[in-house]
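Fold and geometry: a report
Single-letter residue listing:
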There are 2 protein chains.
Amino acid sequence: MKPLEGLKVLDLTRVLAGPFCGMVLADLGADVFKVESPKGDDARGNGPFANGESTYFMSLNRGKRSIILDFKNEKHKKVFLDMVKQADVLIENYRPGTMEKLELGYENVLKKVNPRLIYCAISGFGQTGPYRTRAAYDIIVQAMSGIMSVTGAKGGEPTRIGSSIGDITAGLYGVISIEAAMAAREKTGKGQYIDIGMLDCLVSVLENAIVRYFSTGVSPAPLGNRHPVATPFDAFNTKKGKVVIGIQNNSLWERFCKVIDAEDLFKDERFKDNALRTDNVDALKELLEEKLAVKTSDEWIVPLLEAGIPCGPINDMEAVINDPQIVARKMIIELKGHPIAGDMKFAGNPINFSETKCVVEKPAPALGQHTEEILAAFGIAEADYK
Amino acid sequence: MKPLEGLKVLDLTRVLAGPFCGMVLADLGADVFKVESPKGDDARGNGPFANGESTYFMSLNRGKRSIILDFKNEKHKKVFLDMVKQADVLIENYRPGTMEKLELGYENVLKKVNPRLIYCAISGFGQTGPYRTRAAYDIIVQAMSGIMSVTGAKGGEPTRIGSSIGDITAGLYGVISIEAAMAAREKTGKGQYIDIGMLDCLVSVLENAIVRYFSTGVSPAPLGNRHPVATPFDAFNTKKGKVVIGIQNNSLWERFCKVIDAEDLFKDERFKDNALRTDNVDALKELLEEKLAVKTSDEWIVPLLEAGIPCGPINDMEAVINDPQIVARKMIIELKGHPIAGDMKFAGNPINFSETKCVVEKPAPALGQHTEEILAAFGIAEADYK
């Protein structure tokens, strides 16, 4: 048994934040029905493609089944309301107001059809406030949240995170809020409306930058890869490649100096304790990189780990996929049997349960692949659809 | 009523990933008991400080109550087991094996004391695999996950994200898994063990970089702020400050060119469609920045938004905190009455429920502040503790 087995989720979402939310629910065992317009989720147009199928889409919609519903078609709208009647959860990430325009708003329609429904709306800026109707992409929310302002080379430009964490963080908070609403429903018997904004979610993730601002009155700036108050705690060049090293106290500093043959630095008054090392961080980095230049990154990591120094390589995606830990943790999974794209590899599910195991097995659906099967599952006659 | 009201959580966590998980549970209404050693959570030593109290700690532990338990003291161990008997959830982020060394392992001890207990272990690399005993800090997991390899200036160095998202993503997956295990327990009556690794969680967030690698055979590299396949979709310099703009189709491109007085670029054959604009991205950026140089970022955003062009400023933390949307969404909260630090401001809770509202009210605890109160809540005599 999977933990969310039996949970019926209507997934009306497109592109990224919403689909990621639905995917995690599917990974946890929920039955996720991807409700798509006749054109399909916009992400089906995003490359790269495998036999013409979007790998972008397939990565975010595994384990779901797809039904085509055209909300301009009154028959389909009725089918949809029949599905809502039997559903536990609905997720959408339209711009605020869209469901109301379709006459499918929560307050006036869906709640009346099914008071147990948990309705989760994910949007760029949330359902309230002056920006609520603005379009948001990940880069815009990253920029406006402040996360770009603290990311980048020291003294350099604000930098976008190379993964769409504006969307994904909102997707994760979506799952958290839906499950919490399920726990509340166990007690009250009632569903409710959930409003998640991508901008809010990124601000919550910036908790430390915010307290630093309030403590100092100064907005934190990009620091490169180094730690603001622990030294050495940074990425360093070696003979070949880089190594990240994290040292937070003097006993680790002593051991580290022994391993890299830097007794002179250990005795140096400028580097005697963490505060002094942080004051003299630039000089120290230069001297450490001289010491580290005699071996490659891989050659350093072995003796550093043996001495208990927290360290690691900076992996590219090829190295990640082949990393023995990632392989042992089964974090790259192969999903077999997509009707068009065939067998494909994806990032796996990072949640490991002892009892309710969650092996991901089903690939993403082709557009409308399960329309008849889903109608049957909801006891809706095909004549009511066609 | 809050959604997780009545849920008893023992929070044995330190520093960041685990405390963030416990904080979200507390925000959702759980009763979170922070179990601290006599020295307290290591994060209590992290600056900046307010009246000697760590703002770093206070940002991650709001709404919790603190009890001091010394696991080397047999009386305290017995108190702890009494608490486990009555708890719903336990969270810890020790290195794997630590709880077993304390003779408080899940399988041999805690599960027997309370079969309904949901036990969530968060660690750097997870409880299995060759790296399981390695120490991990956020920077090490960011480096090894590949997220640094896709973040940074174009052609530049791999860059750490300026927020500890290696920790925070694991904290969010911790909440998701605990709530899912609660749903399973509603059916089975049994708790279980959950194993969350920070490295796994960041790999899951890199889903798109992974499919791109498998599709092309090439590891994605830092791209700066621009979108890999949509153009213009980037951060641009203006007369003063930068603006991020996201344009994904030709009708937006046409409207954009009108607003910025760039009919010549709209007619230019090199920029006729998205594919051509992406091929000629460097030339286009230079020409666009010439056009944008006549006004400031703030002056551009008004007419761009009026024309429906997705855009926004790159905010620093000061701008974020004062942003009208962030203010309207109450994403900066003031928590009053910390016994030592007084009133303080923090990032708020991004989850908005229509029924089970979650206003955050209680500040973080001072070390051991609620020891007596917690003993009483669990019906444990003070004589059994002292």
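Residues numbered from 1 in each chain as written. Chains lettered and ligands numbered in written order. Predicted model: local features only at pLDDT ≥ 70, side-chain atom pairs only at ≥ 80, totals over all residues. Heavy atoms only, no water.

Focus on the overall build of chain A
What counts is decided by this rule: Starting at the N terminus, helices and strands are each numbered in turn, a helix being any DSSP run of H or I of at least four residues and a strand any DSSP run of E of at least two. Exposure categories follow from relative accessible area, calculated using a 1.4 Å probe and restricted to protein chains: below 20% of the type maximum is buried, above 50% is exposed, and the middle band is partly exposed. Only heavy atoms matter for contacts: two residues are in contact if any of them lie within 4.5 Å across the pair. Every accessible area reported is derived by Shrake-Rupley at a probe size of 1.4 Å, with residue values counting cover from the shown protein chains alone. Charged residues are defined narrowly, with Lys and Arg counted positive, Asp and Glu counted negative, and His plus the chain ends left uncounted. Think of each charge as sitting on NZ of Lys, CZ of Arg, CG of Asp or CD of Glu.
Helix and strand content of chain A: 17 helices and 14 strands. Considering chain A as a whole, with its 386 residues, one finds that 60% of them fall into the buried category. Taking the intrachain contacts of chain A between residues at least 6 apart in sequence as the baseline, contacts between residues at least 24 apart amount to 68%. Taken as a whole, chain A presents about 14500 Å² of accessible surface, with 50% of it coming from carbon and sulfur. With 47 positive and 51 negative side-chain charges, chain A shows a spacing of 4 Å between the two charge centroids.

Some words on the sheet that holds strand E11 (residues 311-313) of chain A
All names here are of chain A. Put simply, the rule is: A strand pair is defined by DSSP finding two or more bridges across the two strands. Think of each axis as a best-fit line through the C-alpha atoms, taken over the contacting stretch in the case of a helix, with angles from 0 to 180 degrees between the N-to-C directions.
The sheet built from 3 strands is open, its strands ordered E9-E10-E11 with antiparallel pairing. The strands lining the two open edges of the sheet, one partner per strand, are strand E9 (233-237) and E11. Strand-to-strand twist in this sheet, taken as the mean axis angle between neighbours without regard to direction, amounts to 20°. As paired elements, strand E10 (residues 242-246) and E11 share 3 bridges and run antiparallel to each other. Paired with Val 243 across the two strands is Pro 313, which belongs to E11. On the sheet, helix H14 (residues 297-306) packs against E10 and E11 and is oriented at approximately 155° with respect to E11.

What about helix H1 (residues 17-27) of chain A?
Counting buried positions along H1 of chain A yields 11 of 11 residues, so the element is predominantly enclosed. A positive backbone phi angle near 105° is found at Gly 29 of chain A, which sits one or two residues after H1 of chain A.

Topic: the side chain of Asp 200 of chain B
Within the secondary structure, Asp 200 of chain B sits in helix H8 (residues 198-205). Judged by its relative accessible area of 1%, Asp 200 of chain B falls in the buried class. Beyond its immediate chain neighbours, meaning those up to four positions away, Asp 200 of chain B contacts Arg 329, Met 331, Pro 350 and Asn 352 of chain A.

Topic: the sheet that holds strand E9 (residues 233-237) of chain B
Pairing in this open sheet of 3 strands is antiparallel, and the strands run E9-E10-E11 (chain B) from one edge to the other. Pairing within the sheet leaves two strands with one partner each, and these edge strands are E9 and strand E11 (311-313) of chain B. The average undirected angle you get between the axes of adjacent strands in this sheet is 20°. Direction of pairing for E9 of chain B relative to strand E10 (residues 242-246) of chain B: antiparallel, over a ladder of 5 bridges. Across the sheet, residue Ala 235 of chain B finds its bridge partner in E10 of chain B, namely Val 244 of chain B. The strands that helix H6 (residues 138-145) of chain A touches are E9, E10 and E11 of chain B; relative to E11 of chain B, the one it contacts most, it runs at about 15°. Set on the sheet, helix H13 (residues 281-292) of chain B makes contact with E9 and E10 of chain B; between it and E9 of chain B the angle comes to about 50°.

Re the packing of H1 of chain A against helix H7 (residues 165-188) of chain A
To describe two helices that pack against each other, one gives the angle between their axes and the distance between the axes. Residues and elements named next belong to chain A. What counts, and what does not: Any angle between 65 and 115 degrees counts as roughly perpendicular, while under 35 counts as roughly parallel, over 145 as roughly antiparallel, and the rest as oblique. For any helix crossing, the convention is left-handed if the near helix is rotated counterclockwise from the far helix by under a right angle, and right-handed if that rotation is clockwise.
Put simply, H1 and H7 touch, their axes get as near as 7 Å, and they point 45° apart. On the basis of their axis angle, the class for H1 and H7 is oblique. The element H1 and its partner H7 pack so that their crossing is right-handed. In contact with Ala 17, Phe 20, Cys 21, Val 24 and Leu 25 of H1, H7 contributes Asp 167, Ile 168, Ala 170, Gly 171, Leu 172, Gly 174, Val 175 and Ile 178.

Here's the deal with unusual backbone geometry
Put simply, Thr 231 of chain A and Pro 232 of chain A share a cis peptide bond, and its omega is -5°. With respect to the helices, strands and loops of the structure, Pro 232 of chain A is situated in the loop between helix H9 (207-216) and E9. Here Gly 47 of chain B and Pro 48 of chain B are connected by a cis peptide whose omega angle stands at -5°. One can find Pro 48 of chain B in the loop between strand E2 (31-36) and strand E3 (49-50). If you check the backbone angles, Val 15 of chain B has positive phi at about 70° while not being a glycine. Topologically, Val 15 of chain B is positioned in the loop between strand E1 (8-11) and helix H1 (17-27). Even without being glycine, Lys 330 of chain B reaches a positive phi, approximately 55°. Relative to the helices and strands, Lys 330 of chain B resides in the loop between helix H16 (324-328) and strand E12 (332-338).

A closer look at the interface of chain A and chain B
Often, the extent of an interface is quoted as the loss of accessible area upon association of its parts. Rules: Here's the idea: put two parts together, see how much 1.4 Å probe accessible area each one loses, and the total over both is what we call buried area. Take a side-chain nitrogen of Lys or Arg and a carboxyl oxygen of Asp or Glu: if they are within 4 Å of each other, that pair is a salt bridge.
Contact residues are listed per partner, giving 125 residues for chain A and 125 residues for chain B. For the pair chain A and chain B, the summed buried area comes to about 10700 Å², and 67% of that belongs to carbon and sulfur atoms. When residues of chain A are sorted by the area they lose upon contact with chain B, Met 317, Gln 325 and Arg 329 of chain A head the list and together hold 7% of the total. Across the salt bridge formed by Asp 195 of chain A and Arg 329 of chain B, the nearest N and O atoms sit 2.7 Å from each other.

Some remarks on the relation of the copies chain A and chain B
Let me state the cut-off plainly: When the copies are overlaid, the least-squares fit takes in C-alpha atoms only where the residue has pLDDT of at least 70 in both copies.
You can overlay chain A on chain B at an RMSD of 0.0 Å; the transform is a turn of 180° with a shift of 0.0 Å along its axis. Expressed as a symmetry operation, the mapping of one chain copy onto the other fits a two-fold axis. If distances are taken from each C-alpha of chain A to the rotation axis, the shortest is found for Ile 176 of chain A, at 2.6 Å.

With respect to the nonpolar core
Let me state the cut-off plainly: We define the nonpolar core as a collection of buried residues of types Ala, Val, Leu, Ile, Met, Phe, Trp, Tyr and Cys that are connected through side-chain atoms lying within 4.5 Å of one another.
If you look at the biggest cluster of nonpolar residues, it comprises 164 residues, and the most contacted ones within it are Leu 25 and Ile 178 of chain A together with Leu 25 and Ile 178 of chain B. Ranked by size, the runner-up nonpolar core spans 28 residues in total, among them Leu 69, Ile 374, Leu 375 and Phe 378 of chain B.

So yeah, pure geometry; function would need other evidence.
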